[in-house]
Amino acid sequence: MSQRPFVQAFCALITLSLSLTTEGTAQGGSPSEKIGWISGCWARTTATSIVEEQWMVPRGGTLMGMSRTTANGSVREYEQLRIFTRGDTLVYAAAPSGQAYTEFRSRTIDAREIVFENLTHDFPQRIGYKSASRDSLLAYIEGPSGGSTKRINYPLVRAACPGSPR
């Protein structure tokens, strides 16, 4: 009996197993690792301001982040951010410009978008990130404003991280 069909089947099984393992690793095992695509430095530059957001890679079930908006050489807004796992849910914790610490719980998590929500918060009640490509990210906030829903988009592009070699 020839061992050739067995060897071919075994090689096919190994190839399939490796591809599934690689896919699982790329998406990550824990909820925080599944949104590792947000990691890195992002920026939006306009004629009057620069918005910068930076996220560390997920480790220990947590992504650490920060953002700042500068205009005319002065910091206008800043935030200390954290996305962490609590049970089977991701929590977005923000401390913006010295305001009270607020948590938003994940409502939607998929391969290219994450939405966090806190309906008891005034504004925003939702914070979202959507990956348009490896080098393009849409961040947004939305919530009630004057009887309707207001959404503010922050289209960001991948940027060099401050202090990193050029």
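Since we're looking at a predicted model, the values are computed, not measured.

*Asks:* Looking at this structure, how should I read the overall build of the chain?
*Replies:* Scanning the chain from N- to C-terminus turns up two helices and 10 strands. In the chain, the order of α-helices and β-strands from amino to carboxyl end is α-α-β-β-β-β-β-β-β-β-β-β. Here the chain holds 166 residues, and the buried ones make up 34% of them. Pairs at least 24 apart in sequence give 27% of the contacts found in the chain among residues at least 6 apart.

*Asks:* Hey, could you run me through the sheet that holds strand β1 (residues 40–45) in this one?
*Replies:* Ordered in space as β1-β2-β3-β4-β5-β6-β7-β8-β9-β10, the 10 strands form a closed barrel in which the pairing is antiparallel. Within this sheet the neighbouring strands show an average axis-to-axis angle of 25°, counted without direction.

*Asks:* Please explain the environment of tyrosine 92 as it appears in this structure.
*Replies:* Relative to the helices and strands, tyrosine 92 resides in strand β5 (residues 89–96). With 23 residues separating them along the chain, tyrosine 92 and valine 115 place their C-alpha atoms 9.5 Å apart. Within the structure, the side chain of tyrosine 92 is placed 3.2 Å from the side chain of tyrosine 129, a separation counted as a polar contact.

*Asks:* Explanation requested: unusual backbone geometry in the structure shown.
*Replies:* One can expect most non-glycine residues to show negative phi and most peptide bonds to be in trans. Going from phenylalanine 123 to proline 124, the amide bond is cis rather than trans, its omega being 0°. Counting through the fold element by element, proline 124 comes out in the loop between β7 (113–117) and β8 (126–133). One non-glycine residue, asparagine 72, lies in positive phi territory at about 55°. Using a relative accessible area of 70% as the deciding quantity, one classes asparagine 72 as exposed. Of note in the backbone geometry, serine 97 takes a positive phi value of approximately 40° without being a glycine. With respect to the helices and strands, the residue serine 97 is situated in the loop between β5 and β6 (102–109). With a relative accessible area of 30%, serine 97 lands in the partly exposed category.

*Asks:* It is not clear to me how the confidence of the model for the chain should be interpreted in this structure. Could you clarify?
*Replies:* Detailed reading of the predicted coordinates is not advisable wherever pLDDT falls low. The predicted model of the chain has a mean per-residue pLDDT of 84, with 81% of residues at 70 or higher. The element-level mean pLDDT for the chain is lowest in helix α1 (residues 4–27), coming to 34, with β7 highest at 98. Confidence drops under a pLDDT of 50 for residues 1–27, and excluding neighbours within four residues, the segment shows three contacts in the predicted structure.

*Asks:* What should I look at first to understand the pattern of salt bridges in this one?
*Replies:* Should the charged atoms of two oppositely charged side chains come close, the side chains can pair. Inspection of every chain in the model, using the stated rule, returns eight salt bridges. In this structure, glutamate 117 and arginine 107 form a salt bridge, with 2.9 Å as the shortest nitrogen-oxygen distance. Highlighted residues: glutamate 117 in strand β7 and arginine 107 in strand β6, separated in sequence by 10 residues. Judged by relative accessible area, arginine 107 falls into the partly exposed class, the value being 49%. For the salt bridge of aspartate 135 with arginine 158, the shortest nitrogen-to-oxygen distance reads 3.3 Å. Of this pair, aspartate 135 sits in the loop between β8 and β9 (136–145) while arginine 158 is found in strand β10 (residues 148–158), placing the two residues 23 residues apart along the sequence. Beyond isolated ion pairs, a larger network of salt bridges with shared partners links Arg107, Glu117, Arg126, Glu142 and Arg151.

*Asks:* In this structure, what is going on with the packing of aromatic side chains? I would like to understand it.
*Replies:* Two aromatic rings, taken as a pair, are described by how far apart their centres are and by the angle between their planes. Within the structure shown, the criterion is met by five aromatic pairs. When the centroid spacing of 6.2 Å and the interplanar angle of 55° are considered together, the rings of tryptophan 55 and tyrosine 92 count as tilted. With tryptophan 55 in strand β2 (residues 50–55) and tyrosine 92 in strand β5, the pair connects residues that are 37 residues apart, well separated along the chain. Of the two residues, tryptophan 55 and tyrosine 92, neither departs from the other in class, the shared state being buried. For the pair tyrosine 92 and tyrosine 129, a centre-to-centre distance of 6.2 Å together with 40° between the ring planes defines the contact as tilted. Residue tyrosine 92 is found in strand β5, and its partner tyrosine 129 is found in strand β8; the two are separated by 37 residues along the sequence. Here tyrosine 92 falls in the buried class, since its relative accessible area comes to 3%. An aromatic cluster is built from Trp55, Tyr92, Phe104, Phe116 and Tyr129, whose rings are joined through pairwise contacts. When the ring centre of phenylalanine 84 is taken as origin, the NZ or CZ atom of arginine 82, which lies over that ring, is 4.1 Å away. Of note, arginine 151 hangs over the ring of tyrosine 140, and the distance from its end group to the ring centre comes to 3.6 Å.

Calculation criteria
Residues numbered from 1 in each chain as written. Predicted model: local features only at pLDDT ≥ 70, side-chain atom pairs only at ≥ 80, totals over all residues. Heavy atoms only, no water. Helix = DSSP H or I, 4+ residues; strand = E, 2+ residues; numbered from the N terminus. Buried < 20%, exposed > 50% of the residue type's maximum accessible area, 1.4 Å probe, protein only. Contact = heavy atoms within 4.5 Å. Pairing = 2+ DSSP bridges. Axes fitted to C-alpha atoms, helices over the stretch in contact; angles between N-to-C directions. Polar contact = N/O pair within 3.5 Å; in protein donor to acceptor, adjacent residues only side chain to side chain. pLDDT = per-residue confidence, 0-100. Salt bridge = Lys/Arg side-chain N within 4 Å of Asp/Glu carboxyl O. Phe/Tyr/Trp six-rings, centres within 6.5 Å; stacked < 30°, edge-to-face > 60°. Lys NZ or Arg CZ within 6 Å of the ring centre and 35° of its normal.

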